[in-house]
Amino acid sequence: MRGRTLERVRKLLAKAERTDNEHERAAFMAAASALMAKYGIDSLDPERPRQAPGDRIVTVPGPWAREKARLVSLVAQALRCRPLLIGRADGGHRVHVFGLAADLERAELLATSLLLQMASGLARVRPPGEVTAVRAYRRSWLLGFTDEVYRLLREAENRAEAEAPSVGTALVLADRHAEVERAVAAAYPRIRLSVPRTSGSGYGDGVAAGRRADLGRTRVPGESTRELT
């Protein structure tokens, strides 16, 4: 990511992480996600040198390691990367993410910030008085938060694609998606899909919390593997 854009995004994310005001957080995240979505489209410029897909392994620690790994995965997926949950490691979970350099960079920045925001949001959660299965409520809250963030990120990415000046953007994206899928297939010939199940009544509250992050609806104007902890 270009130096000036990267600095602007980092400042916006830092402000979103620090504030307890949901409206301010929504504005900061909307601005940051819009900048990153535009950068993702700009990086498709056919005049730039073509790069092969890269990859990186992200390790997230407990508590809630599996739910954190799911957030990392869906953020990466929303930003046109291909994530794979590859199991436990040292008390945490690992996600292997494949993608083009610009998309990997965007996914890392945003996932790091959202992990902090999700943790701070969960710390403020107070289950309703009738809830007795508190852990199940908190887990379903995390899943709801993540699902809503993913939906809003996809909206921002789709909007940036629709507003792209080049009529061939969709074809370029399809071509590069195919490249990433080939890289994944070469590394993991056999992939098993799984869908998380929820128990507890916190899912709707988590969705509401994710929606307040907004990430795009608020109108505010390589190749080597790395291990992240």
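This text goes with the structure placed above it.
Cut-offs used in this document
Residues numbered from 1 in each chain as written. Predicted model: local features only at pLDDT ≥ 70, side-chain atom pairs only at ≥ 80, totals over all residues. Heavy atoms only, no water. Helix = DSSP H or I, 4+ residues; strand = E, 2+ residues; numbered from the N terminus. Buried < 20%, exposed > 50% of the residue type's maximum accessible area, 1.4 Å probe, protein only. Areas by Shrake-Rupley, 256 points an atom, 1.4 Å probe, with all protein chains shown as cover. Salt bridge = Lys/Arg side-chain N within 4 Å of Asp/Glu carboxyl O. Pairing = 2+ DSSP bridges. Phe/Tyr/Trp six-rings, centres within 6.5 Å; stacked < 30°, edge-to-face > 60°. Lys NZ or Arg CZ within 6 Å of the ring centre and 35° of its normal. Core = buried A, V, L, I, M, F, W, Y, C linked by side-chain atoms within 4.5 Å. Contact = heavy atoms within 4.5 Å.

Caption draft 1: Local environment of the overall build of the chain. Counting secondary structure elements, the chain contains 7 helices and 4 strands. Counting over 229 residues, the chain shows a buried share of 47%. Of the roughly 12,300 Å² of accessible surface on the chain, 53% is carried by carbon and sulfur atoms.

Caption draft 2: Representation of the pattern of salt bridges. The final tally for this structure, using the stated rule, is 11 salt bridges. For the salt bridge of Glu67 with Arg139, the shortest nitrogen-to-oxygen distance reads 2.8 Å. Taken together, the residues span a long stretch of sequence, with Glu67 in helix H3 (residues 65–78) and Arg139 in helix H5 (residues 134–162) at a distance of 72 residues. Here Glu67 matches Arg139 in class, with each residue buried. Glu155 is the partner of Arg151 in a salt bridge, and the nearest nitrogen-oxygen pair spans 2.8 Å. Taken together, the residues Arg151 and Glu155, both in helix H5 and 4 residues apart, mark about one turn of the helix. The exposure class assigned to Arg151 is partly exposed, which follows from its relative accessible area of 33%.

Caption draft 3: Quick peek at unusual backbone geometry. A cis amide bond, omega 0°, links Gly62 with the succeeding residue Pro63. The phi torsion at Trp64 lies on the positive side, around 60°, for a residue other than glycine. Along the chain, Trp64 falls in the loop between strand S1 (54–60) and H3. On the accessibility criterion, Trp64 (15% relative accessible area) is buried. Phi angles above zero are rare outside glycine, and Arg80 is one such case at about 70°.

Caption draft 4: Looking closely at the pairing of strand S2 (residues 82–89). As paired strands, S2 and strand S3 (residues 92–99) are joined by 7 bridges and run antiparallel to one another. Bridging from a neighbouring strand, Gly87 pairs with Arg94 of S3.

Caption draft 5: Broad picture of the packing of aromatic side chains. One pass over the structure, following the stated rule, counts 2 aromatic pairs. On the basis of an interplanar angle of 90° and a centroid distance of 6.2 Å, the ring pair of Phe98 and Tyr188 is categorised as edge-to-face. Of the two residues, Phe98 is situated in strand S3 and Tyr188 in the loop between helix H6 (169–187) and helix H7 (203–213); the sequence distance between them amounts to 90 residues. Under the relative-accessibility criterion, Phe98 is labelled buried at 5%. By relative accessible area, which is 24% here, Tyr188 ends up partly exposed. Seen from their ring centres, Trp141 and Phe145 are 5.5 Å apart, and the 20° between their planes marks the pair as stacked. You can see Trp141 and its partner Phe145 sitting in helix H5, 4 residues apart, about one turn around the helix. In this pair, the class of Trp141 matches that of Phe145, namely buried. Positioned over the ring face of Trp64 is Arg135, at 4.2 Å from the centre of the ring.

Caption draft 6: Molecular detail of the nonpolar core. Counting residues in each nonpolar core, the largest one holds 39 residues, and the members touching the most others are Leu13, Val75, Val97, Leu110, Leu114, Trp141 and Leu153. For this core, the secondary-structure elements that each account for two or more residues are helix H1 (3–18), helix H2 (22–42), S1, H3, S3, helix H4 (101–124) and H5. With 8 residues, H4 is the largest single contributor of residues to this core. Leu44, Ala160, Ala164 and Leu173 belong to the second-largest nonpolar core, a separate cluster that totals 6 residues.

Caption draft 7: Region of the structure containing the side chain of Ser73. By the secondary structure assignment, Ser73 is in helix H3. For Ser73, the residues in contact, after removing those within four places along its chain, are Pro83, Leu85 and Val95.

Caption draft 8: Up close: the environment of Ala52. Positionally, Ala52 belongs in the loop between H2 and S1. Since its relative accessible area comes to 40%, Ala52 is described here as partly exposed. Residues Ala52 and Leu100 lie 48 residues apart in sequence; the distance between their C-alpha atoms is 7.0 Å.

Take it as geometry only, folks, not as evidence of what the structure does.
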